[in-house]
Amino acid sequence: MLKELSPDPIRRRLTSLFPAELVEDMARERDVVQRNRKVDITVLVWTLILGFAVDGEARTIAGFQRAYSAATNQTLSRSSFYDRFTPALAALLSDLLEHTLEEVAVPHTIAPRFELFREVLIADATVFRLHRLLSEFPATHSDQSGAKLHLVQNTTTHTIERFKLTDEYTHESSQLRTGSWLRGRLLLFDLGFYSFRRFALIEENSGFFLTRLKSNADLLIVGKRRKWRGRAISLLGRRLQEVLGDLTREIIDVTVEISFKRRAYAGKQSTDTMEFRVVGVRNEDTDDYHQYVTNLPDAFTPRQIAALYGLRWEVELLFRELKSLYGLEKFQTSDPAIVHLLVVAALLTLTVSRALLGVFQELFPKTVFPRERWAKTFRSLAQLILEDLAQSFGHPPPNLSELMFHGARQPEKSRLLLSERVAEAFMRRYSA
């Protein structure tokens, strides 16, 4: 076995993410730790991050209880374990996630030209189904409940920059606040966030943006950014929709004027204009243009801009990873507080997975670790990682016989098995 492949790098990285002292201090601040301390709060946190594998793909409290028992060799009553799932525990997980997002960084391979940006971010949202009785999360169908997870993903570090959980009705555009945090950053987003006023605010906060141009956008062309040979069609002063049908060139690269309304103040709303860049790249299959609006400088060619927008697929892969591997869409609870807790736990799982990926990329810089393959491997070994961590915290190895006995026995003596109920019915009739 190679020296680098001992368990030590994994233990060191995980315990540096959440030192036991940090978890315990935060737990005391949130009043999560109780005096009797039947549950090790540090191992409980790690169980919520790594222990879901015990219960298949679902995240259930019963599954977490089995994972915790396997890791600590400690059997707990169901009520003793269930009582820990409180809003205070959810708040603790949120604190830990916020702390971790500042710590995790994965080496990236973006081209040197991207050094112009502090980070490249992607904004998007995804919907997932919940227990139909969760009225706090209304869905578009009356007989269902649904939540929407709003994310800003950092493609530079492959981590989550910020997140928000709402009901399914909430529009994603309302959850993306522009401001000084965008300074020096490039934000990619789809048409769900399309807003001329948003474009202006990003520009005014010294940020960059890139999105698809709406197919019906009829903007005034006020400048050209590229010189064409021969008798090219003049575009200046014309509307975009007016000239698209006449163009045969492979590339469009122009400056357009956009009109938008400022936010209303004192009951009045003013109209303003700004200039942005529109590029189009002809699609040979459909014989039309893929068009984008941006404020990226001329150093980025139209084809590079089109390729850059393809990075937006990263967030779709992240959503698929959360749903298919980390159980985001399989919550068997009708308690809204536990829903929030489990969502944060799933995001922590993703973040920890990325942190360990960073370890292996640093140890083996010439080895390629495809993220989906990495995620599947991480998920399949998560319970073993949890048990190894618990032993490093001083818990004994699992006693399999004891765990089997306590996990499989009938929990209540008064509860009869099917065959016993049948036998009892015949006995009563015989006695009568």
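For the structure itself, look to the data block above.
Residues numbered from 1 in each chain as written. Predicted model: local features only at pLDDT ≥ 70, side-chain atom pairs only at ≥ 80, totals over all residues. Heavy atoms only, no water.

## A closer look at the overall build of the protein
At step 1: Looking only at helices and strands, the protein features 14 helices and 9 strands.
At step 2: Within the protein, the proportion of its 432 residues that are buried is 47%.
At step 3: Residue pairs at least 24 apart in sequence account for 64% of intrachain contacts in the protein once pairs closer than 6 positions are excluded.
At step 4: Accessible area of the protein: about 22800 Å², with a carbon and sulfur share of 50%. (Helix = DSSP H or I, 4+ residues; strand = E, 2+ residues; numbered from the N terminus. Buried < 20%, exposed > 50% of the residue type's maximum accessible area, 1.4 Å probe, protein only. Contact = heavy atoms within 4.5 Å. Areas by Shrake-Rupley, 256 points an atom, 1.4 Å probe, with all protein chains shown as cover.)

## Some words on the packing of aromatic side chains
At step 1: This model, assessed by the stated rule, comprises 21 aromatic pairs.
At step 2: With a centroid separation of 5.2 Å and 70 degrees between ring planes, the pair formed by Phe 117 and Phe 208 is classed as edge-to-face. Taken as a pair, Phe 117 in the loop between helix 6 (87-101) and strand 1 (120-130) and Phe 208 in strand 5 (residues 208-212) lie far apart in primary sequence, 91 residues in all.
At step 3: Note on Phe 208: relative accessible area 17%, which makes it buried.
At step 4: Members of the aromatic cluster, joined through ring pairs, are Phe 189, Phe 193, Tyr 194, Phe 196, Phe 199, Phe 209 and Phe 276.
At step 5: One residue, Arg 162, lies across the ring of Trp 181, its end atom 3.9 Å from the ring centre.
At step 6: Between the NZ or CZ atom of Arg 282 and the centre of the ring of Tyr 289, over which it lies, the distance is 4.3 Å. (Phe/Tyr/Trp six-rings, centres within 6.5 Å; stacked < 30°, edge-to-face > 60°. Lys NZ or Arg CZ within 6 Å of the ring centre and 35° of its normal.)

## Description of the packing of helix 10 (residues 313-324) against helix 11 (residues 336-363)
At step 1: Between helix 10 and helix 11, the shortest axis-to-axis distance is 10 Å and the interhelical angle comes to 115 degrees. Handedness of the helix 10/helix 11 crossing: right-handed. Here helix 10 contributes Leu 318, Glu 321 and Leu 322 to the contact with helix 11, which in turn contributes Ala 346, Leu 347, Leu 350, Ser 353 and Arg 354. (Axes fitted to C-alpha atoms, helices over the stretch in contact; angles between N-to-C directions. Left-handed = near helix turned anticlockwise from the far one by under 90°.)

## Description of helix 4 (residues 61-72)
At step 1: The terminal C-alpha atoms of helix 4, which comprises 12 residues, lie 16 Å apart, in line with the 16 Å expected from a rise of 1.5 Å per residue.
At step 2: Along helix 4, 11 of the 12 residues are buried, which leaves the element largely enclosed by surrounding structure.
At step 3: The set of residues buried in helix 4 consists of Ile 61, Ala 62, Gly 63, Phe 64, Gln 65, Ala 67, Tyr 68, Ser 69, Ala 70, Ala 71 and Thr 72.
At step 4: Looking at the packing, one finds that the buried side of helix 4 touches helix 3 (41-50), helix 5 (78-82), helix 11, helix 12 (371-392) and helix 13 (400-408).
At step 5: Positive backbone phi, at 60 degrees, marks Asn 73, one or two positions downstream of helix 4. (Expected span 1.5 Å × (residues − 1).)

## Side note on unusual backbone geometry
At step 1: A positive phi angle is found at Asp 31, which is not glycine, with a value near 60 degrees.
At step 2: Within the secondary structure, Asp 31 sits in the loop between helix 2 (20-29) and helix 3.
At step 3: Of the residues examined, Asp 31 reaches a relative accessible area of 62% and is grouped as exposed.
At step 4: For Ser 206, which is not a glycine, the phi torsion comes out positive at approximately 60 degrees.
At step 5: Turning to its location among the elements, Ser 206 is positioned in the loop between helix 7 (196-204) and strand 5.
At step 6: For Ser 206, a relative accessible area of 36% gives the class partly exposed.

## Points about the packing of helix 11 against helix 12
The relative placement of two packed helices comes down to the angle between their axes together with the axis-to-axis distance.
At step 1: Taken N-terminus to C-terminus, the directions of helix 11 and helix 12 make an angle of 105 degrees; their axes are 10 Å apart at the nearest point. Put simply, helix 11 runs roughly perpendicular to helix 12. Contacts between helix 11 and helix 12 involve Thr 349, Val 352, Ser 353, Arg 354, Leu 356, Leu 357 and Phe 360 on the former and, on the latter, Arg 371, Trp 374, Phe 378 and Ile 385.
At step 2: Looking at the contact of helix 11 with helix 12 residue by residue, the classes come out as 7 nonpolar, 2 polar and 2 charged. (Parallel < 35°, antiparallel > 145°, perpendicular 65-115°, else oblique. Nonpolar A, V, L, I, M, F, W, Y, C, P; charged D, E, K, R; others polar.)

## Details of the pairing of strand 1
At step 1: Where burial is concerned, most of strand 1 is hidden: 9 out of the 11 residues are buried.
At step 2: For strand 1 and strand 4 (residues 186-189), the ladder comprises 4 bridges, and the chain directions are parallel. The partner of Val 120 across the bridge, within strand 4, is Leu 186.
At step 3: Sheet topology note: the strand 1/strand 2 (residues 145-154) ladder contains 10 bridges and is antiparallel. Each bridged residue has a counterpart across the sheet, and for Phe 128 the counterpart in strand 2 is Ala 147. (Pairing = 2+ DSSP bridges.)

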